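Coordinates in review
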Amino acid sequence: MSASMDLDLLRHLTSLPGLSGFERPVADFIFGRLAELGLDTRVDTIGNVTAHIPGSGPRLMLIAHMDEVGFMVRKVYQNGFLAVQRVGGASQHALSGQLLHVWADESPLPGVVGVLPQHLAMDVLPPPLEKVYIDVGASSREEAFALGIRPGTVITHAPTFELLNKKMICAKALDDRIGCYLLLHLAERWHNRRPECELWLAFVVQEESHLGRATLPVARAVKPQLAIGVDATLAFDTPDLTDGQTDVALGEGPAIKVMDHLPGTLWGFLGHEGLRSHVEDVAEKSGLPLQREIVAGLSTAVAPLPFAEEGIATAALSLPLRYSHSPVEVLHMDDVVTADNLLEALVGSTWPLDRILRSSPRGRRER
Ligand SMILES: [Zn+2]
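Residues numbered from 1 in each chain as written. Predicted model: local features only at pLDDT ≥ 70, side-chain atom pairs only at ≥ 80, totals over all residues. Heavy atoms only, no water.

1. Describing the coordination of the zinc ion
Coordination of the zinc ion by the protein is provided by His 65 (NE2), Asp 175 (OD), Asp 231 (OD) and Asp 231 (OD), with metal-donor distances spanning 1.9 to 2.7 Å. Coordination at the zinc ion comes from four donor atoms whose angles at the metal span 51 to 141 degrees, giving a geometry best classed as irregular. Here the donor residues for the zinc ion map to a single chain with the spacing H-x109-D-x55-D. Placement of His 65 in strand E3 (residues 59–65) and of Asp 231 in strand E13 (residues 226–234) is noted, with a sequence separation of 166 residues between them. With relative accessibility at 7%, the residue Asp 231 sits in the buried group. (Donors = N, O, S within 2.8 Å, 3.2 Å for Na, K, Ca; no water. Tetrahedral: all angles 85-135°; square planar, octahedral: opposite > 155°, others 65-115°. Helix = DSSP H or I, 4+ residues; strand = E, 2+ residues; numbered from the N terminus. Buried < 20%, exposed > 50% of the residue type's maximum accessible area, 1.4 Å probe, protein only.)

2. Topic: the layout of surface pockets
Over the atoms rolls a probe the size of a water molecule, and its path tells where empty space is left. Taken as a whole, the largest pocket holds about 560 Å³ of empty space. Surrounding the largest pocket, 26 residues form its lining, Gly 89, Glu 208, Gly 297, Ser 324 and His 325 being those nearest its centre. Top element by residues in the lining of the largest pocket is E13. It accounts for four residues. Per-class residue counts for the lining of the largest pocket are 10 nonpolar, 12 polar and four charged. When residues are assigned to domains, the lining of the largest pocket turns out to be shared by domain 1 (7–68 + 172–358) and domain 2 (70–157), each giving three or more. Looking at the second largest pocket, its volume works out to about 270 Å³. Lining the second largest pocket are 13 residues, and of these Ser 96, Val 115, Leu 116, Pro 126 and Pro 127 lie nearest its centre. A per-class count over the lining of the second largest pocket returns nine nonpolar, three polar and one charged. (1 Å grid on protein atoms, 1.4 Å probe; cavity = no way out; pocket = protein on both sides within 12 Å on 5 of 7 lines; lining within 4 Å. Points joined across faces, edges and corners; volume = space filled by probe spheres on them. Nonpolar A, V, L, I, M, F, W, Y, C, P; charged D, E, K, R; others polar. Domains from an automatic or database assignment.)

3. Comments concerning the pairing of strand E10 (residues 161–164)
Examined bridge by bridge, E10 and strand E11 (residues 168–171) share four bridges and lie antiparallel to one another. For Leu 163, the partnering residue across the bridge sits in E11 and is Ile 169. (Pairing = 2+ DSSP bridges.)

4. As for helix H7 (residues 273–285)
Taking 1.5 Å per residue as the helical rise, H7 with its 13 residues ought to reach 18 Å, and the 18 Å between its terminal C-alpha atoms agrees with that figure. Where H7 is concerned, the buried positions are Gly 274, Leu 275, Arg 276, Ser 277, His 278, Val 279, Glu 280, Asp 281, Val 282 and Ala 283. Close packing links the buried residues of H7 with E13, strand E14 (255–261), strand E16 (291–296), strand E17 (313–321), helix H8 (333–348) and helix H9 (353–358). Looking one or two residues past H7, Gly 287 carries a phi angle of roughly 70 degrees, positive in sign. (Expected span 1.5 Å × (residues − 1). Contact = heavy atoms within 4.5 Å.)

5. Thoughts on a nonpolar patch on the surface
On the surface, a nonpolar cluster with roughly 290 Å² of combined accessible area is contributed by Leu 116, Leu 120 and Val 124. Topologically, Leu 120 is positioned in the loop between strand E7 (109–113) and strand E8 (133–135). A residue is classified by how much of its surface remains accessible, and Leu 120, at 58% relative accessible area, is exposed. (Patch = residues over 30% accessible without salt bridge, like charges linked within 9 Å, V, L, I, M, F, W, Y side chains within 5 Å. Areas by Shrake-Rupley, 256 points an atom, 1.4 Å probe, with all protein chains shown as cover. Salt bridge = Lys/Arg side-chain N within 4 Å of Asp/Glu carboxyl O.)

6. With respect to the packing of helix H2 (residues 24–36) against helix H4 (residues 174–190)
Each pair of packed helices can be summarised by the angle the axes make with each other and by the distance between the axes. Running from amino to carboxyl end, H2 crosses H4 at an angle of 15 degrees, the nearest separation of the two axes being 10 Å. Comparing the axis directions of H2 and H4 gives the class roughly parallel. You can see that H2 and H4 cross each other, and the crossing is right-handed. Between H2, through Val 26, Phe 29, Ile 30, Arg 33 and Leu 34, and H4, the contact on the second element is made entirely by Arg 177, Cys 180, Leu 184, Ala 187 and Glu 188. Of the residues that constitute the contact of H2 with H4, the class distribution is seven nonpolar, no polar and three charged. (Axes fitted to C-alpha atoms, helices over the stretch in contact; angles between N-to-C directions. Parallel < 35°, antiparallel > 145°, perpendicular 65-115°, else oblique. Left-handed = near helix turned anticlockwise from the far one by under 90°.)

7. A word on the domain arrangement of the chain
Its domain assignment divides the chain into domain 1 (7–68 + 172–358) and domain 2 (70–157). Domain 1 and domain 2 are separated by 32 Å when their C-alpha centres are compared. Listed per partner, the contact involves 10 residues of domain 1 and 15 residues of domain 2. Where domain 1 abuts domain 2, roughly 1,000 Å² becomes buried across the two surfaces, and 75% of that area is made up of carbon and sulfur atoms. Area buried by domain 1 at its contact with domain 2 is led by Leu 19, His 325 and Pro 327, which between them contribute 47% of it. Our enumeration of links across domain 1 and domain 2 arrives at two residue pairs in polar contact (both at pLDDT 80 or more). Considering only residue class, the side of domain 1 that touches domain 2 consists of four nonpolar, three polar and three charged. (Buried area = accessible area lost by both parts, 1.4 Å probe. Polar contact = N/O pair within 3.5 Å; in protein donor to acceptor, adjacent residues only side chain to side chain.)

8. Quick word on the nonpolar core
Ranked by internal contacts, the top residues of the largest apolar core, which has 65 residues, are Ile 30, Leu 62, Phe 203 and Ile 228. By residue number, the principal contributor to this core is H4, which donates 10 residues. Residues within four places of Leu 62 in sequence aside, it is in contact with Leu 183, Leu 186, Leu 199, Trp 200, Leu 201, Ala 202, Ile 228, Leu 343 and Val 347. (Core = buried A, V, L, I, M, F, W, Y, C linked by side-chain atoms within 4.5 Å.)

9. Observations concerning the sheet that holds E10
As summarised here, the arrangement of the three strands in space is E10-E11-E18, forming an open sheet in which the pairing is antiparallel. Two strands close off the open sheet at either side, each with one partner strand: E10 and strand E18 (329–332). Each neighbouring strand pair of the sheet contributes to a mean axis angle of 25 degrees, computed without reference to strand direction. Contacts from H4 reach E11 and E18 within the one sheet, and its direction differs from that of E18 by about 40 degrees.

10. With respect to the pairing of strand E5 (residues 82–87)
Here strand E4 (residues 70–76) runs beside E5; their pairing, made up of six bridges, is antiparallel. Paired with Val 76 across the bridge in E5 is Leu 82. From the end of E4 to the start of E5, which pair antiparallel, there are five residues, and Gly 80 there has a positive phi angle of about 90 degrees. Relative to E8, E5 runs antiparallel, the two sharing two bridges. Paired with Leu 82 across the bridge in E8 is Ile 134.

Here it is as structure tokens:
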């Protein structure tokens with residue numbers, strides 16, 4: 001079992017720009033790491049990366065998403081300022097005054113989001129997205145164009161990576177580079193061993209813009225019997241959210257999802273009961289804390305998998321995260337290490353496939 005974190009790996013993963021639909025820098029890095037380990041690694045037409053670790057037992061696919069929320073240039077004003085289009089649910093609350101990276105070229109141009117001077121901002125609400133503008137220092141549209149900026153130019157949060165009180169990590173894009181980190185870390189430990197399952201690691205695109213649709217071609221290619229998503233979820237442990245809809249908190253272990261749901265839609269996820277129960281059993285036997293999650297307002301890349309192929313038993317493991325979709329997302333290192341150890345225990349233990357698939361809600365003790 002691992003006892004610590006590879007902070008350099010996570011720092012690097014979060015520093016990469018991977019706007020939804022433009023994940024190439026993240027995919028290239030992940031592909032390189034997996035190929036270096038000698039794993040059979042593939043990239044599909046839309047950019048999903050999968051790697052196979054042969055073993056014995058059922059076909060298990062672990063999934064993380066590579067993309068992050070952000071923006072793109074919608075148009076360039078005559079005076080050189082940029083209008084933005086939001087891609088995915090980037091935080092609007094955290095937008096004014098932010099430092100952003102504008103990817104007109106291989107290396108980013110710094111840009112700042114315009115903010116009304118406080119002297120003039122008494123009783124003024126933050127502007128709607130249509131009024132938000134970015135200042136890259138260009139004085140005219142021609143100057144911005146000469147910098148390589150066009151409609152569609154990718155914009156990401158500028159990277160940060162700080163330790164808070166030596167136990168929490170603050171960075172952009174922890175959602176879901178933390179999942180990518182955990183899967184890569186697992187690959188490093190298992191590339192020359194045989195797990196108790198046929199293991200596939202899937203790094204998917206466009207979760208922040210299209211939820212789980214990108215996971216479908218991967219499921220078609222891999223045909224897993226079991227799938228577990230590894231992603232971030234909302235923590236409700238800050239002063240503004242205590243007594244919120246869940247008790248999920250940092251430092252209490254990863255969360256196992258019972259369900260999630262996007263209000264006003266029929267989109268969401270109900271975890272497979274047998275697989276969830278197996279994950280809970282393995283955590284309990286390994287002495288690893290796990291929280292249960294029932295949450296409205298978000299969903300994940302694994303949401304379509306129960307209905308993919310001939311039906312896939314699917315579970316979702318979530319790392320509690322504060323300030324989601326902002327440039328200062330925060331998670332607890334203990335939760336990462338626990339998730340790491342839990343994935344290790346799952347991959348290394350035998351899979352009672354019949355019991356998992358036939359598990360019924362009746363006759364099992366409630367925790
Ligand atoms: Zn996510």
